[in-house]
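For reference, the chains in residue letters:
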Amino acid sequence: MSNLALPTLPYADTALAPVISANTLSFHYGKHHKAYVDNGNKLLAGTDLEGRSMEEIVKATFGKSDKVGIFNNVAQVWNHDFYWLSMRPGGGGAPTGRIGELINSSFGSYDAFKTELTQAAMTQFGSGWAWLVSEGGKLKVTKTPNAENPLPHGQTPLLTIDVWEHAYYLDFQNRRADYVAAWLEKLVNWEFAEKNLG
Ligand code: FE2
């Protein structure tokens, strides 16, 4: 039985250009994401975690020194599934509706949120992720290293941006700040964030 599957992307590999080129997308999805799926399935085979949901596996293996391989690969599959949906062609800009109101009440303004997300993305040393999460009825920005995500911390993820170099290096080289700014301006999917509020 396999737990993990590579999802079908809801857009063409050219659809996020020029922020994320087809070259970046094809390597990121077809090589990096696929490798996490394949390695995760190999590591899960025959264990008592096989057949459980990704969320359950992430929570059950977080911080367990004998389950690091399973945690890293399964969490990275979950994170990438979530990242692809955190973007859409023609996205970006300030949110409206319920999520827009929550951004304003939680951060003061959309600009203040942008500054906080950019700061989190820029100060995540090395590989990792920046997140918009909901916790206790309020929205927060967080960052996580490597494969870690907000699920074991009792937070509800709303959006994520991948700040591993494989997400932006072909298009932006070392200019992570330019990638984050373009992602917010052109790609961020506020409809997905609103849906994740539940
Ligand atoms: Fe990635």
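A. Structural detail: the sheet that holds strand β1 (residues 128-135). Strand order in the open sheet formed by 3 strands is β2-β1-β3, and the pairing between neighbours is antiparallel. With one partner strand each, in any of the chains shown, β2 (138-145) and β3 (156-162) form the two edges of the open sheet. Recorded for the sheet is a direction-independent mean angle of 25 degrees between the axes of neighbouring strands. Examined bridge by bridge, β1 and β3 share 6 bridges and lie antiparallel to one another. Paired with alanine 130 across the bridge in β3 is isoleucine 161. Most of the contacts of helix α4 (residues 97-107) go to β2, to which it runs at about 80 degrees, and overall it touches β1, β2 and β3.

B. Molecular detail of the packing of helix α1 (residues 22-44) against helix α3 (residues 68-85). Viewed as axis vectors pointing N to C, α1 and α3 meet at an angle of 145 degrees, and their least axial separation amounts to 8 Å. Once α1 is placed against α3, the crossing between them reads as left-handed. Contact residues: α1 offers Leu25, His28, Tyr29, His33, Ala35, Tyr36, Val37, Asn39, Gly40, Leu43 and Leu44, while α3 offers Gly69, Ile70, Asn73, Val74, Gln76, Val77, His80, Asp81, Tyr83 and Trp84. For the contact of α1 with α3, a count of residues per class yields 12 nonpolar, 8 polar and 1 charged.

C. View of the pattern of salt bridges. This model, assessed by the stated rule, comprises 7 salt bridges. Aspartate 66 serves as the salt-bridge partner of lysine 67, at 3.5 Å between the closest nitrogen and oxygen.

D. Structural context of the environment of alanine 182. Turning to its location among the elements, alanine 182 is positioned in helix α7 (residues 176-186). Sequence separation between alanine 182 and tryptophan 78 is 104 residues, and the spatial gap between their C-alpha atoms is 24 Å. Filtering out sequence-adjacent residues up to four positions away, alanine 182 remains in contact with Val19, Phe172 and Leu187.

E. Spatial organisation of the coordination of the iron ion. Coordination sphere of the iron ion, protein contribution only: His28 (NE2), His80 (NE2), Asp162 (OD) and His166 (NE2), at 1.9 to 2.1 Å. For the iron ion, the 4 donor atoms in the first shell make angles of 91 to 133 degrees at the metal, a pattern classed as tetrahedral. Each donor residue of the iron ion belongs to the same chain, and together they define the spacing H-x51-H-x81-D-x3-H. Highlighted residues: histidine 80 in helix α3 and histidine 166 in the loop between β3 and α6 (169-172), separated in sequence by 86 residues.

F. Examining helix α2 (residues 54-61) more closely. Buried within α2 are the following residues: Met54, Ile57, Val58 and Thr61. Across the axial projection of α2, the buried residues extend over an arc of 100 degrees, all falling on one side. As for α2, its buried residues are in contact with α1 and α3. At the C-terminal side of α2, glycine 63 shows a positive phi close to 75 degrees.

G. Inspection of the side chain of serine 86 at higher detail. Looking at the secondary structure, you find serine 86 in the loop between α3 and α4. Apart from the residues lying within four places of it in its own chain, the contact partners of serine 86 are Leu159, Thr160, Trp183, Leu187, Val188, Asn189 and Phe192.

H. Representation of the domain arrangement of the chain in the model. Looking at the assigned domains, one finds that the chain contains domain 1 (22-85) and domain 2 (97-196). Computed from C-alpha atoms alone, the centre-to-centre distance between domain 1 and domain 2 is 20 Å. With 19 residues of domain 1 at the interface, the matching set in domain 2 holds 25 residues. Summing both sides of the interface, domain 1 and domain 2 together bury roughly 1900 Å²; the carbon and sulfur share of this comes to 69%. The largest share of the area that domain 1 buries against domain 2 comes from Thr24, Phe82 and Tyr83, three residues that together contribute 33% of it. Our count for the domain 1 to domain 2 interface comes out at 0 salt bridges.

I. Expanded view of α4. Where α4 is concerned, the buried positions are Ile99, Gly100, Leu102, Ile103, Ser106 and Phe107. For α4, the angular spread of the buried residues around the axis is 165 degrees, confining them to a single face. Opposite the buried face of α4, at more than 90 degrees from it, the exposed residues are Glu101 and Ser105. Its buried side turned inward, α4 meets α5 (110-123), β1, β2, β3 and α8 (190-196). One or two positions beyond α4, positive phi appears at glycine 108, with a value near 100 degrees.

Reading guide: rules and limits
- Counting of residues starts from 1 at the beginning of each chain's written sequence and follows it residue by residue.
- Only residues with pLDDT of at least 70 are given local features in this predicted model, and only at 80 or more are side-chain atom pairs given and counted; all residues enter the totals for whole chains, interfaces and linings.
- Just so you know, side-chain values use all the structure's heavy atoms and leave hydrogens and water out.
- A pair of strands is considered paired only if DSSP assigns at least 2 bridges between the two.
- Strands are runs of DSSP state E lasting at least 2 residues, helices are runs of H or I lasting at least 4, and numbering of each runs from the N terminus.
- In this analysis an axis means a line fitted to C-alpha atoms, helices contributing only their contacting stretch, and an angle means the value between N-to-C directions, from 0 to 180 degrees.
- By definition, residues are in contact when any of their heavy atoms lie within 4.5 Å.
- For a crossing to be left-handed, the near helix must be turned anticlockwise from the far one by less than a right angle; the clockwise case is right-handed.
- Gly is placed with the polar residues, together with every amino acid not listed as nonpolar (Ala, Val, Leu, Ile, Met, Phe, Trp, Tyr, Cys and Pro) or charged (Asp, Glu, Lys and Arg).
- Salt bridge, as used here: a side-chain nitrogen of Lys or Arg that lies within 4 Å of a carboxyl oxygen of Asp or Glu.
- Counted as coordinating are nitrogen, oxygen and sulfur atoms within 2.8 Å of the metal, or 3.2 Å for Na, K and Ca, while water is not included, which may make sites look incomplete.
- Sites are called tetrahedral only when four donors show all angles between 85 and 135 degrees, square planar or octahedral only when four or six donors show opposite pairs over 155 degrees and all other angles between 65 and 115, and irregular in any remaining case.
- Partly exposed residues are those whose accessible area sits between 20% and 50% of the maximum for their type, while under 20% is buried and over 50% is exposed, using a 1.4 Å probe and protein chains only.
- In this description, the arc belongs to the directions extending from the helix axis to the C-beta atoms.
- Domain extents, as shown, originate in an automatic or database domain assignment.
- Here the quantity called buried area is the total loss of accessible area, with a 1.4 Å probe, experienced by two parts when brought into contact, counted for both.

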